[in-house]
2 protein chains.
Amino acid sequence: MEQKSFFRLIFLIVTACFIISFTSTNFSHSPSSTTVLLDCTTDSSSSPLCASRNFLFNKKQRPLPKNDPKPKPKNHDHVSDTPNHPLDPLTVVELNKVRSILYSHALFTSRAPHTLNSVVLEEPDKDLVQKWEKGNTLPPRKASVIARVGLDTHVLTVDISSGQVKLEDSPVRVSGYPTMTLEEMNQVTLAPFSNADFNRTIISRGVNLTDVNCFPLSSGWFGKKEENIRVIKSQCYSKQGTVNFYMRPIEGLTILIDLDTKQVIEIVDTGPAIPIPGSTNTDYRFENLATNPDKTRRLNPISLEQPRGPSFVIEDNHLVKWANWEFHLKPDPRAGVVLSRVRVHDPDTRETRDVMYKGFVSELFVPYMDPSDAWYFKTYMDAGEYGFGLQAMPLVPLNDCPRNAVYMDGVFAAADGTPFVRENMVCVFESYAGDIGWRHSESPITGLPIREARPKVTLVVRMAASVGNYDYIIDYEFQTDGLIKAKVGLSGILMVKGTTYQNKNQVKKDKYGNEEDLHGTLLSENVIGVIHDHYVTFYLDLDVDGPDNSFVKVNLKRQETEPGESPRKSYMKTVRNVAKTEKDGQIKLSLYDPSEFHIINSNKTTRVGNPTGYKVVPRATAAALLDHDDPPQKRAAFTNNQIWVTPYNKSEQWAGGLFTYQSRGDDTLAVWSDRDRDIENKDIVVWYTLGFHHVPCQEDFPIMPTVSSSFDLKPTNFFERNPILRASPNFEHDLPICGAESVSA
Amino acid sequence: MEQKSFFRLIFLIVTACFIISFTSTNFSHSPSSTTVLLDCTTDSSSSPLCASRNFLFNKKQRPLPKNDPKPKPKNHDHVSDTPNHPLDPLTVVELNKVRSILYSHALFTSRAPHTLNSVVLEEPDKDLVQKWEKGNTLPPRKASVIARVGLDTHVLTVDISSGQVKLEDSPVRVSGYPTMTLEEMNQVTLAPFSNADFNRTIISRGVNLTDVNCFPLSSGWFGKKEENIRVIKSQCYSKQGTVNFYMRPIEGLTILIDLDTKQVIEIVDTGPAIPIPGSTNTDYRFENLATNPDKTRRLNPISLEQPRGPSFVIEDNHLVKWANWEFHLKPDPRAGVVLSRVRVHDPDTRETRDVMYKGFVSELFVPYMDPSDAWYFKTYMDAGEYGFGLQAMPLVPLNDCPRNAVYMDGVFAAADGTPFVRENMVCVFESYAGDIGWRHSESPITGLPIREARPKVTLVVRMAASVGNYDYIIDYEFQTDGLIKAKVGLSGILMVKGTTYQNKNQVKKDKYGNEEDLHGTLLSENVIGVIHDHYVTFYLDLDVDGPDNSFVKVNLKRQETEPGESPRKSYMKTVRNVAKTEKDGQIKLSLYDPSEFHIINSNKTTRVGNPTGYKVVPRATAAALLDHDDPPQKRAAFTNNQIWVTPYNKSEQWAGGLFTYQSRGDDTLAVWSDRDRDIENKDIVVWYTLGFHHVPCQEDFPIMPTVSSSFDLKPTNFFERNPILRASPNFEHDLPICGAESVSA
C-alpha cells in the first residue's frame, strides 16, 4: 500500500509539473478573483485539475508571426466585451453575472456538490431576432444553464439584467445526463490511480504508473450497468517512449467510474496476456523526425498571399461580411461553431435575402465495430457527451489555417461558472486553390475568340475539435455563386487495439480455413486499427426568402418512350413530390433511385415562375449498417436516414437529445420525426448526416492524413441568373510582388 | 437564288475575317512548307478551314505576365524536339516523317479523298518500357495511324526509322468510324449554307445568315438513317447581339449531313413556331458586364505565391518529379492527358515503387433526356467522337491555372498529317487551399502540449476541354500521403432548348392537372435547360509493385452478435472477395451494401503481412438510368457499372470502342468484360466511371459555375506507415514577403 501511495504521489507531481510547464495564467479576469462555486479554486491552484482549466487561458499556444507584413491585431482580452447582436454569445461580464446570480440561488447554496455543465446564451425568439436591426436595443439577455446538483440535473434560465432565475425543468426526469465538463474529464483521468487493484495491474504489466495516461470514455447505454447511475469508463495507455500513447494501449483493462463521485466501481481486465505495443515509429512531431536525405523532393514554401488584406470584415466581433454574403458567427461549447442569419446579396434585385437562420453540427456518432468487453461500448456521441466546442483546441497559425486567416476566440464557462477564453478557436480566411470558378473557351470552328475563365475564391470558416485521439476539422465554405459547402475532415490518431499478433500469418484460422475476425487491420506489430464509422449530423434551419418553406423531393426516374414516339427507348425525367408531413421528409439516398432535395419558398417565384429555392446536395457518404435495435444505434437513430425534415421547434436542436450522455434513444430526431407533423409551407429544419466508414490501413499509422467529405447547400432557381457572373478575373497587375528573402533569413 | 448566294458569300467573308483577325501563323515549321496531302493547303490559306488550323499555331492567346517576379520560360517552338522517353509523343520531326512516308504509300496516292483522323505514338510493349532506363536507346519509334480513304477506314502502323508501313486492319470491318478531325468539324459548320432550303428557313425566321452559327453534332447510332453512311447533324444558333449564341437556339431545325462528302442529306424543321430566345443578359465576358456598385464586396487579390519557385521539375519535357512522386505526362488528342509510369518513392524502403502504368480519360457519355426529333440523338461520346484532347483549348494563365503554374503544349497532327502545336494545353502547379494535411492537438486533460498540424500541399495536372458548349476540367492531383485524386469539373454553357413558354404558369396541363414534361427547367423566357447526364470513364492500368495484381472487394457487412457474446446486438465486419474473373470485377456501388475496392499485389506484403495495395475510392457519382436496350446506352454500356476490371490487353483502351463514332455497341468495355476472362494475379486494368445528373436551374444561366466530383486512388497497406509524416510545417521565416504595389500600378 505504501508503494501504491508513493506511485500516486509521484504521478500527481509529475502530471502537475508537466501541465504547469507549458501553461500560464494571464487572463486578466482571473478565476481566483471571483466568487467561487466549485472545489477547484479552493484546492491549490497547482493541482492538475485547476492547471487544466488555467491551461485554457494560456496564450502561449499562439506564436505571433514574426515577419508578417501586416501583423494581425492581437485578440483582445474579452474583459470589456459587450454584446452587439441578439445572438452574440454571453460575454465575460455576463458569464460572471450569471455566476453571481446562480450562487445566491437556493439550488446552489445547499451542500450538495454542483457543476455547471452548460452556460450559454438563451437565444431570443426567432421573430425578435429577425426584426432586430443594428442600433435597436438588444432583446433581454438570458442564459440557459444546465446544472448538476447532487444526483439531479436541472435546466434553468437566468435573466441577466433582472437576476431572475427560472427553473425550466427541475430536476430533469428524462433519460440521459448533461455533457461532461472538462473538469470532470480531468478528474476521471486521475480516478483509477486511487485504486490499489488498478495500480497492481499496471505494475504487473511492467509499466511505471508515471508512464500511464488514462482516458475518459463515455460508456453509452446498454441497460444494467448504466441504469440510475452516471458512469464513465476509463482505459489506459503507456506513454513511455512516445507522445503518441494512443498507439500503446494497455489492452483489455477497463475501469468503470461513477462520474458524480469519481469513485472506481469496477475494474475488468481481459488483456493481461496482450503485450503493450512498442513505441518505435510512433512519434509524429516534426522536431523528432529525422528528415533523412532520401529521394523525396523537399517542397518550396507556398503561401496564400493577399497583400491588400482580406476581403471580408468581421463587424462587432461576430458579423462576417464577404463578397455577397453576410452571417453571424459564434463559437459554441457543444456545437463548435454556429452560423446564424446567413444571408446573401442578390445583385439583380439588390436585396439581401435570407438563406439559413441557423446551421451547426448537432451531433456526432462514432461506433466502433468490435463486440468484445473492452470495445463494445465505444459508440461515442462527441457533441452531446464531450462538447464538440469544448474539445476544439486553439488552431495553429500557418498550418491549421493559412497565413491570411483571422482568428476568433471562444468565451465559455468553466464548471464553476467562471468564464474562460479558448483562443484562436475559429479561423476565417479566403481560400484559392488554383481552381476555376467558371470558364468557357470557344473552339476555333465557331469563329469566336472566347477564352473566359475566373479563379474560384471562397471564404472558409474553420474549427477543429480534438475529441481524444481523433481530430475533426469542420469547414463552412462560402462561394460567390451562392453555394455553401459544409466539409468534415478527419485526422488525428486512430484508437487502436492491442493484440498478441505480430504478423498476419499468425492469425488463427477455424477448421474451414477462415481467418479470425480481427475487427480491423494489423497496422504494426501488436496493433490493430479497429473498424469504425463516423457520422456527423448537421442542423440546417434554412429560411429561403423567409421562414415558410417546403421540402420537395425532385425524383429522377427512367421514362420509357411510347411506341413511335422516338428512336430512343428511354429518357430520364423529374417527378416533384412536395413533402406534406415529416415522414415524407425521411430520406434514404439511393444511387439507382436518385433525387434532388429542394427547400423552396412556394410563395415566391423567379421572373419566369420557378419557386425560389436552395437544394441540399449530398456528396460521398456512408450509411449506418448496425441493427436498429442495437442500443447504440437506437440512441443514434438520427443516423437512420441521411435527411430528415422537421417543423421548427426551439427545443429540437440536438439530434441525440439534449441529454445525450447515457441517453436511451427516447429523445432523438428519429422520435420527433415519427410524430409526423405537417411540414408543408412551414418554418422547417433540414437535418443532414454525413457518414464515413473507416477500415484502417497501415497508412493510418501513426497519424492519419486528413480524409474529408462534404455536402452542399446550393441555390436552385433562387437567383435569376448566376451571381458569380460578376466575379473578376485575376490580372497580373493586381497580384502581389513577392520576394523569397525573409527578414530573419 | 441570287440572294442566297450573296448571303453565302457575305457569311464566308465575315467568318474568315473573324477568324483571321485573332490568329497568326508564327509556327516556324509552317505547314505550307511541307509536302501536302489534303485540300486545305491547296486552297487559299485564308479560307476558314485553313485559318482554323492556323489558329492552332496562334501564340497570341498566352498573355505573358508582365510583373511576374520570375518570368516563366517561353514555351519552345518544338521544331527541334527529340523524343527522350519510350512514351514521349511523336515530335514535329517525327510527324513530318510519318506524313512523308504515308504520302508515298499506295493507299494515299489514289485519287480518293483521304483524311488522317489520328496520328499518335504506337507505344512500345509494356515490358520494353518498363525495362528502359534513361541513357538506353529508345525502342523503335512507331506511329499508329487511323485514316479515312474514300469510304473506308484503315489502321496502319508506320515505323518511323525504317519507313515501313504495316496495314493492321485494312479496311476496317467493325461498326463505327474514327474520331472527326477539326477540319471535318469546320466543314460541317459551313455545309448547311450551301442548301437553299436551309437559307430560306433561316431568313423566314427573320435571322440574317451572317448571324447564324451552326454546330456539328455527332448523330449517334439508331438504325436506319445511320446505316452504311458516315453522317453528322447540325443545329444552328443566332449570335445576333451576343457571343453566347448557345442561349439563342434556332429550335427544331436539324440538318443531316454526309460527313464524308459534306453534302446536306436532309433538313427537318419542327420548330418554326418557336421563337429564338432573346440575347438580353446572356453575355458573360468581363469587359461587357457593368460591375454595378451594389452591396457585393469587391474581393482583394489573392494569389498562390512560391517566390523560391515550384518544387517540381519536368525533365526531358515530359517526366514530372515532385515530392515523392514521378510520372510521365503527355497531351493526347483523344484522351486529353495521359499519365504513365506513375511511381512513388517510399521513404522507408528507399525504393521507387510502381503504382500505375497508365491512366487517362478513356471515354465520356453525355445523354440528353428529351426524346423529340431535335434532341433524342444528343448522346455524345466526347473522346471517341470529338477528340477530348483536340477540344482542349489553351489554358488561360492566372485564371485557368494559378500564377505558379507551368504549361505544357500539345503537338498533334492535322487532318493532312501536318504537325501543329496546341499551346498551354496542360498546366502543372502546386496547390495549397489552406487545408490541413494532417493534424493532432491534445486536450489539456492528457497533459501533453501537442499542437501538430501540416499544411496540405498537392501537385495538380490540369487540362480543360471545350467540347462545344461544355467545358470539362480534368485534374489529376497528387498528395504527399500517396493518394492520387482524379477530379472532373463541369463548367461552360448549357445546351438549351427553345420554347414558346415565357413563364412556368403557361405550361400546358393535362386533364389530371399534370404539367407537360418540359424535359428540363425554364431558365429564362423561351429557354429550357434540358436534363442530361455526364459520365467520364477512366482507364486505370494500376501496377501495384509490378504488373501482376488482384482485385479484392472488401465487403462491409452487418454481423449480428451471438447470444451472450456482447451487450451489442451487431457490428460491422469486412469480408474479402478476391475477383477470379471479369464478372467478379463488375461493380455496382451501393450505399447499403458498401465495399472497398483494393488492387493488391498478392506476391508482396508489408512487414506485418498485409498484401501491398491501392484502393479505388469512389466519391459522389451518378448511375445511368436509361434502358440497357436503348441504343445510346448500348453504345455506352461501359457506364452500366461504376467499376470494371479487365486483363491488360493493348487493344482495349477505349471504353466505347476504337471506332466510337456511330458505333453500335459491339466493341465496348461491357462486351470485352462479358468474356469473363481470368483476372486473379494478372496484369489488370481497372475502369472507373464518374457520373453526374444535371437538372439545370436558373443559376446555370447564362454560364455554369464549376460543378465537380472526383475519385481517389489511395495507398492501402502499400506503405509501412504514412509517408506524409515527414512533411514539414510552414514556418513564418520561410514564407514570402509580398507587397501590394505592382510595377504597373
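Residues numbered from 1 in each chain as written. Chains lettered and ligands numbered in written order. Predicted model: local features only at pLDDT ≥ 70, side-chain atom pairs only at ≥ 80, totals over all residues. Heavy atoms only, no water.

- Going by an unreviewed UniProt entry, chain A carries the name Amine oxidase and comes from Arabis nemorensis.
- Check the Subunit (unreviewed entry) section of the UniProt entry for chain A; it says "Homodimer."
- Annotation of chain A in UniProt includes, under Catalytic activity (unreviewed entry), the sentence "a primary methyl amine + O2 + H2O = an aldehyde + H2O2 + NH4(+)". (UniProt positions renumbered as here; feature names shortened; annotations may be inferred.)

### Points about the sheet that holds strand β23 (residues 496-498) of chain A
Residue and element names in this part refer to chain A.
Here is step 1 of the chain: Across the sheet, three strands lie side by side as β23-β25-β24; this open sheet has antiparallel pairing. Lying at the two open borders of the sheet, with one neighbouring strand each, are β23 and β24 (520-524). Taking the axes of each pair of neighbouring strands and ignoring which way they run, one obtains an average angle of 40° across the sheet.
Here is step 2 of the chain: Here β23 pairs with strand β25 (residues 527-530) via three bridges, running antiparallel. Along β25, the bridge assignment pairs V496 with G529. (Pairing = 2+ DSSP bridges. Helix = DSSP H or I, 4+ residues; strand = E, 2+ residues; numbered from the N terminus. Axes fitted to C-alpha atoms, helices over the stretch in contact; angles between N-to-C directions.)

### Quick look at the state of the cysteines
Here a disulfide denotes one covalent bond, and it connects the sulfur atoms of two cysteines.
Residue and element names in this part refer to chain A.
Here is step 1 of the chain: A complete count under the given rule lists five disulfides over all chains for this structure.
Here is step 2 of the chain: Sulfur-sulfur distance for the disulfide between C214 and C236 comes to 2.2 Å. Given an S-S torsion of about 100°, the disulfide between C214 and C236 has right-handed geometry. Here C236 lies in strand β6 (residues 231-238) and C214 lies in strand β5 (residues 212-218), a separation of 22 residues in the sequence.
Here is step 3 of the chain: With a relative accessible area of 6%, C214 lands in the buried category.
Here is step 4 of the chain: Disulfide pairing places C401 opposite C427 at an S-S distance of 2.1 Å. Looking down the S-S bond of the C401 and C427 bridge, the torsion is -95°, so its handedness is left-handed. One end of the pair, C401, is in the loop between α9 (382-386) and β16 (406-413); the other, C427, is in strand β17 (residues 419-431), and 26 residues separate them in sequence. Pair check on accessibility: C401 and C427 agree, each one buried. (Disulfide = S-S within 2.5 Å. Buried < 20%, exposed > 50% of the residue type's maximum accessible area, 1.4 Å probe, protein only.)

### Notes on the side chain of R141 of chain B
Residue and element names in this part refer to chain B.
Here is step 1 of the chain: Here R141 is to be found in the loop between α6 (126-131) and β2 (142-149).
Here is step 2 of the chain: A distance of 3.0 Å separates the side chain of R141 from the backbone oxygen of D88, its partner in a polar contact.
Here is step 3 of the chain: There is a polar contact of 3.1 Å between the side chain of R141 and the backbone oxygen of P89.
Here is step 4 of the chain: Residues within four places of R141 in sequence aside, it is in contact with P83, H85, P86, D88, P89, L90, E94, L121, V158, D159, I160 and S161. (Polar contact = N/O pair within 3.5 Å; in protein donor to acceptor, adjacent residues only side chain to side chain. Contact = heavy atoms within 4.5 Å.)

### A look at the nonpolar core
Here is step 1 of the chain: In terms of nonpolar packing, the biggest core is built from 264 residues, with F478 of chain A together with F478 of chain B touching the most fellow members.
Here is step 2 of the chain: Apart from residues no more than four positions distant in its own chain, F478 of chain B is found in contact with W322, W325, F327, L339, V342, T458, L459, V461, L483 and I484 of chain B.
Here is step 3 of the chain: Residues L90, L102, V411 and A413 of chain B belong to the second largest nonpolar core, which totals 22 residues. (Core = buried A, V, L, I, M, F, W, Y, C linked by side-chain atoms within 4.5 Å.)

### Brief notes about the relation of the copies chain A and chain B
Here is step 1 of the chain: For the match of chain A to chain B, the screw axis carries a shift of 0.0 Å, the RMSD comes to 0.0 Å, and the turn is 180°. The relationship between the two copies is best expressed as a two-fold rotation axis.
Here is step 2 of the chain: By residue overlap, the copies meet face to face through one surface: 100% of the interface positions of chain A are interface positions in chain B. (Least-squares fit on C-alpha atoms with pLDDT ≥ 70 in both.)

### A word on the pattern of salt bridges
Here is step 1 of the chain: Tallied over the full model, the rule gives 101 salt bridges over all chains.
Here is step 2 of the chain: One salt bridge in this structure joins K650 of chain A and D125 of chain A, with 3.2 Å as the shortest N-O distance. With K650 of chain A in the loop between β31 (643-647) and α11 (669-673) and D125 of chain A in the loop between β1 (114-121) and α6 (126-131), this residue pair connects regions lying 525 residues apart in the sequence.
Here is step 3 of the chain: Note that D348 of chain B and R726 of chain B form a salt bridge whose closest N and O atoms lie 4.0 Å from each other. With D348 of chain B in the loop between β13 (336-345) and β14 (352-367) and R726 of chain B in the loop between β33 (704-715) and β34 (737-739), this pair connects stretches of sequence that are 378 residues apart.
Here is step 4 of the chain: Judged by its relative accessible area of 31%, D348 of chain B is partly exposed.
Here is step 5 of the chain: The class of R726 of chain B is partly exposed, set by a relative accessible area of 22%.
Here is step 6 of the chain: Through salt bridges with shared partners, a single network forms among D346, E351, R353, D545 and K604 of chain A. (Salt bridge = Lys/Arg side-chain N within 4 Å of Asp/Glu carboxyl O.)

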